[in-house]
Amino acid sequence: MRIGVITFPGSLDDVDAARAVRLAGGEAVALWHADDDLSGVDAVVLPGGFSYGDYLRAGAIAARAPLMRSVVDRAHAGLPVLGICNGFQVLCEAGLLPGALTRNGHLHFRNRDQALLVERADTAWTSAYTTGQRIVVPVKNGEGRYVAAPAELDRLEGEGRVVVRYADGNPNGSSRDIAGVTSADGRVVGLMPHPEHAVEDLTGPSVDGLGFFTSVLSSVVTA
Amino acid sequence: MTAHPTSPGTSQVGGVPQLDTVELAATTADTEQPYAELGLRPEEYQEIREILGRRPTTAELAMYSVMWSEHCSYKSSRVHFRHFADLPASDALLVGIGENAGVVDVGDGYAVTFKVESHNHPSYVEPYQGAATGVGGIVRDILTMGARPVAVMDSLRFGAADAPDTARVLPGIVAGVGGYGNCLGLPNIGGELLFDDCYLGNPLVNALCVGVMRHGDIRLAKAEGLGNKVVLFGARTGGDGIGGVSVLASETFDAEGPAKRPAVQVGDPFTEKLLIEACLEIFAADLVTGIQDLGGAGLSCATSELASAGTGGMHVDLDTVPLRDSTLTAAEILMSESQERMCAIVEPAKVEEFLAVCRKWDVLATVIGEVTDGDRLTIDWHGERIVDVPPRTVAHGGPLYHRPMTRPADLDGLQADAPPSSSADLRADWLAVVSSPDGADKSWVTEQYDRYVRGNTVLAQPEDAGVLRIDEQTHRGIALSLDGNGRFARLDPYTGAQLNLAEAYRNVAVSGARPLAVTNCMNFGSPENPEVMWQFAEAVRGLADGCRALGLPVTGGNVSLYNQTGDTAINPTPVIGVLGVLDDVRRRVPTGWRADGETVLLLGETGAEFGGSAWASVVHRHLGGLPPALDLPAEQALAGLIGTLATDGTLSSAHDLADGGLAQAVTESALRHGTGARLRLTGDLTAALFAESVARAVVTTTRPDAVRAAAAAAGVPVTELGVTGGDALVVEDVLDLPLAELRAAWSATLPALFGSPEAAVGTVPAGTVPTS
């Protein structure tokens, strides 16, 4: 199973995402932002980092990279796509996910081990979890406050498109404690917390994040 | 831009601006030059004239002024480094003092390079950018050695926590360290945050970077090979940081003086991230014969150091340097400390491939000159020769001072003024120590740093040492700690430097690592004050003697002088970094207690030693007496014991005892995961809880007999303190501290001083660790 991990200029957690794919049992394929071709991968991860230094708006420039045209086209056809942190910002800027990520309410970058509640356990990236499951993964961002118009938030909640919600405190002021959302078909998922940093006991606060990567492997098999 | 003394790249001859060329300088010996404004003394200026056999051109004067600054030339401190040179050779040291950073063999063909550098003065003037570029600079030093930078640490000191100027500088410095390191994708794995009145007006910002490479990947800064090209790559050159090393870092702040903001550099971590990736690709393809980063003194430093380390000369065409500001003069271009720039020596046949890698990473790269035969560094500007110097005289020919030294007049009185030795209220004192700004939870700071990126962080703050995995197959790892107790060094700089070394050594050892090598950052007041110079010399001698006793090499270091505002110097602050290696990083030992029912043991011996202690400082506002007695053989025995116990998995936790003594250590171990303990203490309870005797650690285990047996064999005293469990720290018949009360006191301090993020977005108390 080949899972692509895109490197943009300023991507930082690409090595982590690739490691998580490998630990889940997949083959990580390095993808370069300036290429056009997705190299026949079965799913794509947009990793965390500061693509283009967060200049203009976080994710805004990366969303216009040549490779993103292919990602958007294939996502519309059902390709599983996961955006983590900066990757989530890119997916919002690329129009694959609704809403936007803005400067944290307290204006600080913040890194902590964060409790989350899984609300959707049937997306391409969360089928390894159970609905209502509580997990702990690191969160680390300066521009992670999820915002959307109230009507849009109502619609997302009504359609069940909130995938994970912050529990035991909201680290950045996100609307309605939303930590991650999905596309209407459940194939594209974006979240601010970092499941790829919770895949080994040695280095993470838990191994709760591994489920995102095992989920997509089974979803690709069954798709 | 503000007018600057170096602005005349031209000189006025008969009212007509004229480029100050070598030719002109040879015929206008009497032209007055602003050497004093550039920080040079009359005798230094005379020496430059003698070297050149004429007056220097404006551009040459600029180069000499920055390279002969205290910051670059170590002219006051260098004479004392012979103590390090006298240390016995170490097999572990692959590259020693003199290169950009030392390189240490950590086994399995891996080499590690690490170094700590100060950015004190810029961070006081412009906290965010000063701190950010401090991180950027040390990362480039590590990169220059051929290594991939893998982590950073920061050692920070401020004036009183509630002083208005601390509120001005601290948030910006923390945001700057975080902003730059986070954006580079380097985990911050530890450091220090301390407060003392002596740092008001002179905060200390020491940044460490560590990098990993294979033995064969080591790169050196030298320009060799006639006809090889000099390539400048990275950011464009701008007007920021002009004279940073001479005007800013090498002078005392004067409350009445002009604003020095233009001398602070402005950082762009995104460009540096691209520079790192481009460099590593360039190294992997073997495209350079020599490389140097541009930091303090900019192009002046890079060109003169590369040329003087090589076999020939160098010629540079300054018109080819890409600029941000086309009005810069030649002298300004040579002195600019614009960040995110590197200089490489590339064989002509490899230039095209070099430029292609840079294009891939959107890094600007320009051939600006070449290696020449002969032994001169020549620089042309607008078709005229403006620099023609022997490069060694610029890079290494700076003056060497034997500054007068005097033992501080107040030292005898200070040492005779012993601190109180008995606590009137142990419980109140305990809460006071752990809730003091030095003892309190540092989450307010460390939450602003990414500790997870790259996925190899095994331990990070608030652990005793930062621990990184460097190989996912073999599980080889490294540990690092930075420690610099300025109170001890104030009471006795010779012993104080060794105590700091001992603490960093102990911190690395209790994490389960074998200490391997030492780096340092010496923060002191003005070397023109004989008492400060004595403190410096004593600290260097102490560090060298300590390293000799422990059998550790010093791999390099950094000296920051003139850390004072007005006449009052900071406490002498030798910050010592120790690197250790773990053959199997899965055997690391954390500080926190997780399980109930484990035996709590104290390793080492406690005496009634309160001189320079946190307890004396917090409770009695007292600094006096003698620091704790040094015992390096006991440190070695403790380190060896914990190494053995870590390897066979006997320890559940280990925590070094230092500032705040046992009370501070068990508070941190208990609050880490919310596990209390019931302890029995006998004898002098003030000493038991608050003394800062050396060579001690508190450990927990399910196999106390195994620990006792190993300790007896190692000659380390063991005292059973009690058992973990419950939701309080209880000292039987003495006091009872519920963890909730302890946590509230410990975690409230910094948010109360610097603002709580929760006020804006939520209600999670800082320092709590969610469990899955």
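The rules we used
- Residues numbered from 1 in each chain as written.
- Chains lettered and ligands numbered in written order.
- Predicted model: local features only at pLDDT ≥ 70, side-chain atom pairs only at ≥ 80, totals over all residues.
- Heavy atoms only, no water.
- Helix = DSSP H or I, 4+ residues; strand = E, 2+ residues; numbered from the N terminus.
- Rg over C-alpha atoms; globule rule 2.2 N^0.38 Å.
- Buried < 20%, exposed > 50% of the residue type's maximum accessible area, 1.4 Å probe, protein only.
- Contact = heavy atoms within 4.5 Å.
- Lys, Arg positive; Asp, Glu negative; His and termini not counted.
- Charge placed at Lys NZ, Arg CZ, Asp CG, Glu CD.
- Buried area = accessible area lost by both parts, 1.4 Å probe.
- Salt bridge = Lys/Arg side-chain N within 4 Å of Asp/Glu carboxyl O.
- Polar contact = N/O pair within 3.5 Å; in protein donor to acceptor, adjacent residues only side chain to side chain.
- Nonpolar A, V, L, I, M, F, W, Y, C, P; charged D, E, K, R; others polar.
- UniProt positions renumbered as here; feature names shortened; annotations may be inferred.
- Core = buried A, V, L, I, M, F, W, Y, C linked by side-chain atoms within 4.5 Å.
- Axes fitted to C-alpha atoms, helices over the stretch in contact; angles between N-to-C directions.
- Parallel < 35°, antiparallel > 145°, perpendicular 65-115°, else oblique.
- Left-handed = near helix turned anticlockwise from the far one by under 90°.
- Pairing = 2+ DSSP bridges.
- Right-handed = clockwise from strand over helix to strand, strands pointing away.

1. Observations concerning the overall build of chain B
Part 1: Secondary structure summary: chain B contains 27 helices and 30 strands in total.
Part 2: Taken over C-alpha atoms, the radius of gyration comes to 27 Å for chain B, in line with the 28 Å a tight globule of 772 residues would show.
Part 3: By principal-axis analysis of the C-alpha atoms, chain B measures approximately 90 × 55 × 55 Å.
Part 4: Burial analysis of chain B (772 residues in total) assigns 65% to the buried set.
Part 5: Once local pairs closer than 6 in sequence are excluded, the contacts in chain B between residues at least 24 apart make up 85%.
Part 6: A distance of 4 Å separates the average location of the 54 positive side-chain charges in chain B from that of its 97 negative side-chain charges.

2. With respect to the interface of chain A and chain B
Part 1: If you look at the interface, chain A gives 43 residues, while chain B gives 40 residues.
Part 2: A combined buried area of about 3400 Å² lies between chain A and chain B, and 56% of that area is made up of carbon and sulfur atoms.
Part 3: At the boundary of chain A and chain B, one finds six salt bridges.
Part 4: The tally of links between chain A and chain B comes to twelve residue pairs in polar contact (both at pLDDT 80 or more).
Part 5: Going through the elements one at a time, helix H1 (14–24), strand S6 (110–118) and strand S7 (134–141) of chain A are the ones with two or more residues in the side of chain A that touches chain B.
Part 6: The dominant element in the side of chain A that touches chain B, judged by the number of residues it contributes, is S6(A), at six residues.
Part 7: Of the residues that constitute the side of chain A that touches chain B, the class distribution is 14 nonpolar, 16 polar and 13 charged.

3. A few points about the side chain of A:His197
Residues and elements named next belong to chain A.
Part 1: Looking at the element boundaries, His-197 is found in the loop between strand S11 (188–191) and helix H5 (210–222).
Part 2: For His-197, a relative accessible area of 3% puts it in the buried group.
Part 3: A distance of 3.4 Å separates a polar atom in the side chain of His-197 from a polar atom in the side chain of Asp-13.

4. Brief notes about the UniProt feature "domain: Phosphoribosylformylglycinamidine synthase linker" (unreviewed entry) in chain B
Part 1: Mapped onto this structure's residue numbering, the UniProt feature "domain: Phosphoribosylformylglycinamidine synthase linker" (unreviewed entry) falls at residues 32–75 of chain B.
Part 2: Helix makes up 57% of residues 32–75 of chain B and strand 0%, and the two end C-alpha atoms of the span are 25 Å apart.

5. Side note on the nonpolar core
Part 1: Counting residues in hydrophobic clusters, the biggest one holds 128 residues, and the most contacted among them are A:Ile6, A:Leu46, A:Trp125, A:Phe213, B:Phe233 and B:Phe354.
Part 2: Looking at which element gives the most residues to this core, the answer is helix H10 (residues 269–284) of chain B, with nine residues.
Part 3: Aside from chain neighbours lying at most four places away, what touches B:Phe354 is B:Val231, B:Phe233, B:Ile282, B:Leu287, B:Val288, B:Ala344, B:Val346 and B:Ala365.
Part 4: The next biggest cluster of nonpolar side chains, apart from the first, holds 49 residues, and it includes B:Ala330, B:Ala331, B:Val387 and B:Val389.

6. Examining the packing of helix H19 (residues 493–510) of chain B against helix H20 (residues 530–550) of chain B
Two packed helices can be described by the angle between their axes and the distance between those axes.
Residue and element names in this part refer to chain B.
Part 1: Across the interface, H19 lies against H20 with an axial gap of 7 Å and an inter-helix angle of 45°. Of the possible angle classes, the one that applies to H19 and H20 is oblique. Remark: the crossing between H19 and H20 carries right-handed chirality. Counted together, Pro-493, Tyr-494, Ala-497, Gln-498, Leu-501 and Tyr-505 of H19 and Trp-534, Gln-535, Glu-538, Ala-539, Arg-541, Gly-542, Leu-543, Asp-545, Gly-546, Cys-547 and Leu-550 of H20 form the full contact between these two elements.
Part 2: Partitioning the contact of H19 with H20 into residue classes produces ten nonpolar, four polar and three charged.

7. What about the pairing of strand S7 (residues 188–195) of chain B?
Residues and elements named next belong to chain B.
Part 1: The element S7 is extensively covered by neighbouring structure, given that seven of its eight residues are classed as buried.
Part 2: By the bridge criterion, six bridges tie strand S6 (residues 148–158) to S7 in an arrangement that is parallel. Its bridge partner being in S7, Leu-156 is matched across the sheet by Leu-193.
Part 3: Where the polypeptide runs from S6 across helix H8 (residues 164–184) and back to S7, its parallel neighbour, the crossover connection is right-handed.

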